[in-house]
Amino acid sequence: MASSERKKRTCCLCCSLKEAVRTWFALRHWRDWLQGDGRGQLVSLLAAAVILIGSGTVVWSAIGGDENANSSWEQSSWMSWGLFFDPGTQTGVSAGAPTKVKATALIFSVLGFLYNLTFLGIIVEWIRSSMDRWSKTKSRIWYGNHILILGWSEKTLYLLNELFEALRSSGDFSVSVVVLAEREVSEMHQEVQQHFYQIWEGLSFFDRRWRLLNSLKLREGITHEGDSLERAGASHAQEIILLSREGDQRNADLETVRVMVALSSLRQPVKCKVFAEVQMHEVETVLRRLHPDPTGTQVIHARAACSHILSLLATDQTVGGMITDLCSFTSGEELYVIQPLPEWQTFGQARKAFDRAVCIGVEATKPVVNAHGTRIDLCPSDDRPMEAQERLLVMASNWADVEAPTSSLFHWRSVDPDFMPSTLVSGEPDVFSKAANARSSSPTPVDAEGARKRVYVVIGWPADFAEVLALLDEKVPPGTEVHVLSERTEPQRIALCAGKGQRKLRNIELQHLVGPRTSRKMLEQLPLEKALDGVDGESQPGAILILAQLASQFMDLSEQIADDDEVGDDTLTCDSACLTSLLVIADILGENCGPRTSTPEACELLEARTYSLEAVSQKKSKIICEVLDPRTERVLWRNENLKKMAYFFRSKALETGIFMMAMSEPAVFNTLMILMSPSCPSLQVRPVQEFLPPRDTVAAFDEDAKEAKTWRELSDTVRKRGGLLVGWKSQNEECQLGKDKQNDWAEGDTLIVILPPQAPKGS
């Protein structure tokens, strides 16, 4: 029966070919199993070992053996096993043995050696892959008392820098920092090394900040997955930091909420404080309620404060630059919070106790009336009594200037766990201005000098530009022109403003120009010269703002954006567009100076028209270029000529500094916000002659005069007007804080003062 069926299957040539193909595919499946499957590979190795040992046995028996092993099957198989497993077995063959014996020993010894290397390599690879898999799935952070950072963005490197500086200033080097992000550890490690090795290039090898960097732990994992959070030690962390990612504001805040939900669902509840950065105010309540401890979540709106500083830089670069320096642990100027001594019964006694630092206010134990719940009392009267548990706010260039003996000094780890930041930390809309009714009814106060309108040129339309416009509208005189160039169409800009509930602008007249930001043809249509120099009798100088515009910030308008949109979808591409616009503007301004020649005078003239930071300060005109990416910042460090062209606004670094300041000490953060608010005692720059009586003005500026005003005399004059003198600025010099300046006042010097709103300017 079987023979008849076989005959039927191979009755013709076609059937024979089909049978051969069927057999070939069957052998191919076996070959795939032997080569591609783990168990099949093991079978292949065992089969190869058997074949080698069997072949060696047959060959050794065929050649007749030698004096160590004869040609019997038993001794031949033992000799074959020895040559296969131990390459040293061939050394037992004597040098006078026949050639065929030595050749057999050599060939099978080499084959056995290669086989064993392959087998041991497979075992090592299996062990290494198993250990890597266990490291990813089983490893966890065992120690507590660490700071956990969730997520990786362009602000993470800035955050680590601020964190290391804060830890160094507090002297706490035992705290470890852990970063959990959905990114490969090798990529994160490479970026950390490149960033810190450059900015710490001048540090000594024995500087303890290197110890903090070496203790940094980088982990790959999903930030909204419970298992990854538990293995990163979220339940045992001392603090957890959530930075908002780039992109659409709503989507970014929803990602923050998702991470907060994962933290709240852990088997071991999170008992530490969680610092979360958000961009929309309605998310704050959601995050607070998701935390097991309602008082354990601090929500910080760093971007709102950053927008306010940008508006300050556009209107008053000195004040904006000082606030920028105060918003970082890496800058020189700082605000200190100290406990007053028992003998300081009044604010005046505490203020006069410092020789070089300046005491600017008091952190009250109860909310201050009409201060938006900030609990900060700036510029109080000298007879204000100091109550129990109140702290002093001191401004100084460094800790060495705070020379008065104090009972305790604030450092960033000394936050009271029961103290929560006020509405200023949450970024309420009314913190930076007066109440809404008063804001809509009363005009913006403008001094006589600033009665003329200003002209501003803005390159780019960021997602939060409506907020910047609202803040700028409160600081400029009526009729101010703002010319905006962006790829966004005018309906798109109006839609973005309407989506944020933007109020109608009172003092600003918007002039829209649609086109590529890097196009020379479009940039030449902007009033660049008028923005920098003004027009006599018509307008005063304004500024040129080159702002970062990310395509990911316009997700809700994606259907209106072409596929070939020139707007960069990442921070480095965006910075490239900003730098290109800056260089094109510098070239346009250089051409307007006159015909180009190769003479040194023309080169100097062209270089002067690039408007270095010193020239900007002298002419009260400026070019502000925003940069986002840390890699762009490294380019600026190496290019001195590029740094002279503009004031580079490091928005992401500033946001991180503001976040760290609010996280470390809410009193310091709230004080900085008040200093920028026009409805509160604010930081201002005034000419020195404004605080000199008319009869002393000439004497004060006479080099031979002996009756020049001292710092204390000028401070008393400012104090009589309800303000405080905190520093000064000479021409072509940087701002100075403290009481070093004495008698050498010159015409053109300015004073940095804290004055109440609508303070009189003249005598």
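Residues numbered from 1 in each chain as written. Predicted model: local features only at pLDDT ≥ 70, side-chain atom pairs only at ≥ 80, totals over all residues. Heavy atoms only, no water.

A. View of the overall build of the protein. What the protein contains, in helices and strands, is 29 helices and 20 strands. Every one of the 763 residues in the protein was classed for burial, and the buried ones make up 51%. The long-range fraction of contacts in the protein, counting pairs at least 24 apart against all pairs at least 6 apart in sequence, stands at 76%. Accessible area for the protein stands at about 36,400 Å²; split by element, carbon and sulfur atoms hold 55% of it. (Helix = DSSP H or I, 4+ residues; strand = E, 2+ residues; numbered from the N terminus. Buried < 20%, exposed > 50% of the residue type's maximum accessible area, 1.4 Å probe, protein only. Contact = heavy atoms within 4.5 Å. Areas by Shrake-Rupley, 256 points an atom, 1.4 Å probe, with all protein chains shown as cover.)

B. Here's a closer look at the packing of helix H12 (residues 302-315) against helix H17 (residues 465-473). Closest axis-to-axis distance for the H12/H17 pair is 9 Å, and the angle between their directions is 50°. It follows that H12 is oblique to H17 by the angle criterion. As H12 packs across H17, the resulting crossing turns out to be right-handed. In contact with Ser 307, His 308, Leu 310, Ser 311, Ala 314 and Thr 315 of H12, H17 contributes Glu 467, Val 468, Leu 471 and Leu 472. (Axes fitted to C-alpha atoms, helices over the stretch in contact; angles between N-to-C directions. Parallel < 35°, antiparallel > 145°, perpendicular 65-115°, else oblique. Left-handed = near helix turned anticlockwise from the far one by under 90°.)

C. Spotlight on the side chain of Ser 682. By the element assignment, Ser 682 lies in strand S17 (residues 682-687). Of the polar contacts made by the side chain of Ser 682, one reaches the side chain of Gln 684; its length is 3.2 Å. Look past the residues within four positions of Ser 682 in its chain and what remains in contact with it is Ile 674, Leu 675, Ser 677, Val 753, Ile 754 and Leu 755. (Polar contact = N/O pair within 3.5 Å; in protein donor to acceptor, adjacent residues only side chain to side chain.)

D. Local environment of the confidence of the model for the protein. Averaged over the protein, the pLDDT score is 76; the fraction of residues at 70 or greater is 75%. Below a pLDDT of 50 lies the segment residues 1-9, which in the model reaches four contacts outside its immediate sequence neighbourhood of four places, other chains included. Here residues 594-621 is a poorly scored stretch, pLDDT under 50, and it has 44 contacts once near neighbours within four places are set aside; other chains count. (pLDDT = per-residue confidence, 0-100.)

E. Spotlight on the sheet that holds strand S9 (residues 376-378). Here we have four strands laid out as an open sheet, ordered S7-S10-S8-S9, and antiparallel in their pairing. Bordering the open sheet on either side are strand S7 (334-338) and S9, each of which pairs with just one other strand. Direction aside, the axes of adjacent strands within the sheet are offset by 30° on average. Taken together, the three bridges between strand S8 (residues 358-363) and S9 define a ladder with antiparallel strand orientation. By the bridge assignment, Glu 363 is partnered in S9 with Ile 376. In the packing of helix H27 (residues 666-675) onto the sheet, contacts are made with S7, S8, S9 and strand S10 (391-396), and the angle to S9 comes to roughly 45°. (Pairing = 2+ DSSP bridges.)

F. Spotlight on the sheet that holds strand S6 (residues 297-300). Pairing is parallel in the open sheet, where six strands are placed in the order S3-S2-S1-S4-S5-S6. Two strands close off the open sheet at either side, each with one partner strand: strand S3 (217-220) and S6. Averaged over all adjacent pairs, the angle separating strand axes in this sheet is 20°, with direction ignored. Summarising the sheet, strand S5 (residues 273-277) and S6 pair through four bridges and their orientation is parallel. Along S6, the bridge assignment pairs Phe 275 with Gln 298.

G. Main features of the packing of aromatic side chains. Across all of its chains, the model carries 12 aromatic pairs by this definition. With a centroid separation of 5.1 Å and an interplanar angle of 45°, the aromatic rings of Phe 84 and Tyr 115 are classed as tilted. Residue Phe 84 is found in helix H4 (residues 73-85), and its partner Tyr 115 is found in helix H5 (residues 99-138); the two are separated by 31 residues along the sequence. Seen in terms of ring centroids, Trp 461 and Phe 465 are 4.8 Å apart; in terms of plane orientation they differ by 65°. Their pairing is edge-to-face. (Phe/Tyr/Trp six-rings, centres within 6.5 Å; stacked < 30°, edge-to-face > 60°.)

H. Up close: the packing of H12 against helix H26 (residues 651-664). It is the contact of H12 with H26, at a shortest axis distance of 9 Å, that shows an interaxial angle of 120°. Between H12 and H26, the angle falls in the class oblique. As for the relative orientation of H12 and H26, their crossing is right-handed in sense. Contact residues: H12 offers Ala 302, Arg 303, Ala 305, Cys 306 and Ile 309, while H26 offers Ser 651, Leu 654, Glu 655, Ile 658 and Phe 659. Here the contact of H12 with H26 is composed, by residue class, of seven nonpolar, one polar and two charged. (Nonpolar A, V, L, I, M, F, W, Y, C, P; charged D, E, K, R; others polar.)

I. Molecular detail of H27. Extensive coverage of H27 is indicated by the burial of 10 of its 10 residues. Of all the residues in H27, the buried ones are Pro 666, Ala 667, Val 668, Phe 669, Asn 670, Thr 671, Leu 672, Met 673, Ile 674 and Leu 675.

J. Structural context of the pattern of salt bridges. In the structure shown here, the tally under the stated rule is 28 salt bridges. The partner of Glu 640 in a salt bridge is Lys 643, and the shortest N-O contact between them spans 3.1 Å. One end of the pair is Glu 640 and the other is Lys 643, both in helix H25 (residues 640-643) and three residues apart, which spans about a single turn. Residue classification places Glu 640 among the partly exposed positions, given a relative accessible area of 46%. Judged by relative accessible area, Lys 643 falls into the partly exposed class, the value being 31%. Connected through salt bridges with shared partners, the residues Lys 155, Glu 277, Arg 303, Asp 464, Glu 626, Lys 652 and Glu 655 form a single ionic network. (Salt bridge = Lys/Arg side-chain N within 4 Å of Asp/Glu carboxyl O.)

K. Focus on a nonpolar patch on the surface. Residues Leu 42, Leu 46, Phe 119, Leu 120, Ile 123, Trp 126, Ile 127, Met 131 and Trp 134 make up a contiguous nonpolar surface patch of roughly 910 Å² in combined accessible area. Contributing elements (two or more residues each) for the nonpolar patch: helix H3 (38-63) and H5. Per element, the largest residue contribution to the nonpolar patch is seven residues, and it comes from H5. Looking at Phe 119, the relative accessible area reads 30%, which means it is partly exposed. (Patch = residues over 30% accessible without salt bridge, like charges linked within 9 Å, V, L, I, M, F, W, Y side chains within 5 Å.)

L. Quick peek at the state of the cysteines. Summed over all chains, the structure comprises zero disulfides. Note on Cys 578: no disulfide assigned, nearest cysteine sulfur contributed by Cys 574 at a separation of 4.6 Å. (Disulfide = S-S within 2.5 Å.)

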